[in-house]
Amino acid sequence: MSATTTETERLTLARLPSGTEVTTRLHTISGPTEGPTAYVHAAVHGREINGVEVIRRVHHKLADREFAGEVRLVPVANPLTFDLQRYTLPTALDHTHLWTANMERTWPGDRDGSLHERMAARLWEHVHDADAVVDLHTGSPATHPHSVYTDDDPASRELARVFGTDLVMPSAVAPRTPDWPTDRDVSGTLRAIASHEGIPSMIAELGEAYRVEENTVAMGVTGVLNVLKQVGVLDGEPVENGEALLVTSPMHSNRSDSFDAAASGLFVTDPDVWPGKRVSAGQSLGTVYHPTTFEPVHEVETSQDGILYHLRRRGTVTGGERLAAVAVEKE
Ligand SMILES: [Zn+2]
């Protein structure tokens with residue numbers, strides 16, 4: 001019989017004005033031998049539910065398997081936005097600062113802070129001494145699944161690479177500035193803070209919100225098990241899980257590999273392009289038309305070879321909005 005033990009703990013993350021306690025569950029699976037500790041959670045953004053199902057399956061796979069060390073699983077890191085099926089909290093519950101309605105900007109939390117900051121601080125107690133962190137999110141129908149690591153952190157890059165998906169991209173950690181977070185800043189993400197604390201960490205952006213997608217969930221399960229192999233919790237080598245191409249990050253770049261609408265109108269995408277498709281420099285992606293005069297106001301063309309990482313799905317666009325982004329392979 002396996003000497004692996006599983007424990008479930010009910011964590012009180014915070015208290016609402018009415019006195020209602022916000023609770024969630026932490027599952028700790030311990031192997032019979034000493035080893036590293038991995039922390040995995042999902043649904044910091046409650047409408048992003050693929051990761052919740054990933055964790056349920058990972059739990060079942062680990063429960064009767066012998067391994068070294070400890071795996072901490074929190075399937076629903078943010079029960080409030082999960083119930084509301086939202087990305088952020090309504091301002092009535094958390095608008096202490098501009099950014100705190102988004103729990104993913106509040107790490108490592110603050111026990112005396114806003115609702116989200118208190119919730120993050122409670123979870124951080126189970127993160128701070130971990131050897132690896134996986135934060136499961138989802139993107140949107142416009143975005144190809146990808147893994148994100150903190151730029152200039154090779155251990156985190158390795159974690160993201162073994163997790164897999166097709167695209168593995170860096171994201172910069174900018175220090176908090178007086179203007180923060182008015183520019184599109186990602187300090188305060190769990191990935192950035194854990195990385196800063198020397199804990200290899202990554203985000204997986206798996207598919208789209210509101211849905212449980214079988215292919216994406218299966219990719220997430222393989223990815224988490226790959227990370228557990230990489231850090232030495234599980235025996236064996238990580239297996240192939242998507243193309244895992246190391247690419248530049250188009251997400252926060254102003255370079256020519258991302259395209260914002262030059263003018264407002266209706267964006268009609270070309271029929272032969274979609275997120276995840278390889279594109280070459282000079283390829284047409286679509287056209288923004290003036291909807292009443294029919295005049296083309298922006299013909300969108302790639303400038304570099306790469307993988308179409310983002311392609312806007314909503315047709316109605318306002319000038320300045322992101323239309324597309326191409327991830328360019330490194331080296
Ligand atoms: Zn998210």
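Scope of this entry: the structure provided in the associated data block.

Basis of the calculations
Residues numbered from 1 in each chain as written. Predicted model: local features only at pLDDT ≥ 70, side-chain atom pairs only at ≥ 80, totals over all residues. Heavy atoms only, no water. Donors = N, O, S within 2.8 Å, 3.2 Å for Na, K, Ca; no water. Tetrahedral: all angles 85-135°; square planar, octahedral: opposite > 155°, others 65-115°. Buried < 20%, exposed > 50% of the residue type's maximum accessible area, 1.4 Å probe, protein only. Pairing = 2+ DSSP bridges. Helix = DSSP H or I, 4+ residues; strand = E, 2+ residues; numbered from the N terminus. Polar contact = N/O pair within 3.5 Å; in protein donor to acceptor, adjacent residues only side chain to side chain. Contact = heavy atoms within 4.5 Å. Salt bridge = Lys/Arg side-chain N within 4 Å of Asp/Glu carboxyl O.

1. Things to note about the coordination of the zinc ion
Summarising the metal site, the zinc ion is bound by the protein donors His45 (ND1), Glu48 (OE), Glu48 (OE) and His137 (ND1), whose distances to it range over 2.0 to 2.6 Å. Coordination at the zinc ion comes from four donor atoms whose angles at the metal span 55 to 152°, giving a geometry best classed as irregular. Donor residues binding the zinc ion come from one chain and are separated in sequence as H-x2-E-x88-H. On the basis of relative accessible area, His45 is assigned to the buried category, the value being 3%.

2. Focus: the sheet that holds strand 10 (residues 258-260)
In spatial order, the strands read 10-17-15-12; together these four strands make up an open sheet with antiparallel pairing. Every other strand in the sheet has two partners, leaving strand 10 and strand 12 (278-279) as the edge strands with one partner each. Relative to strand 17 (residues 322-327), strand 10 is paired through three bridges, and the arrangement is antiparallel. Bridging across to strand 17, Ser258 finds its partner in Ala325.

3. Section: the side chain of Asn226
Summarising the element assignment, Asn226 is placed in helix 6 (residues 214-231). A polar atom in the side chain of Asn226 sits 2.9 Å from the backbone oxygen of Val162. Contact partners of Asn226, with chain neighbours within four places excluded, come to Val162, Phe163, Pro238, Val239 and Asn241.

4. Topic: the pattern of salt bridges
Working definition: two side chains of opposite charge can pair if their charged atoms are close together. In the structure shown here, the tally under the stated rule is 14 salt bridges. Glu214 serves as the salt-bridge partner of Arg57, at 3.0 Å between the closest nitrogen and oxygen. Pair noted here: Arg57 is in helix 1 (residues 50-63) and Glu214 is in helix 6, with a separation of 157 residues, a long-range link. Taken together, the shared-partner salt bridges connect Glu53, Arg56, Arg57 and Glu214 into one network.

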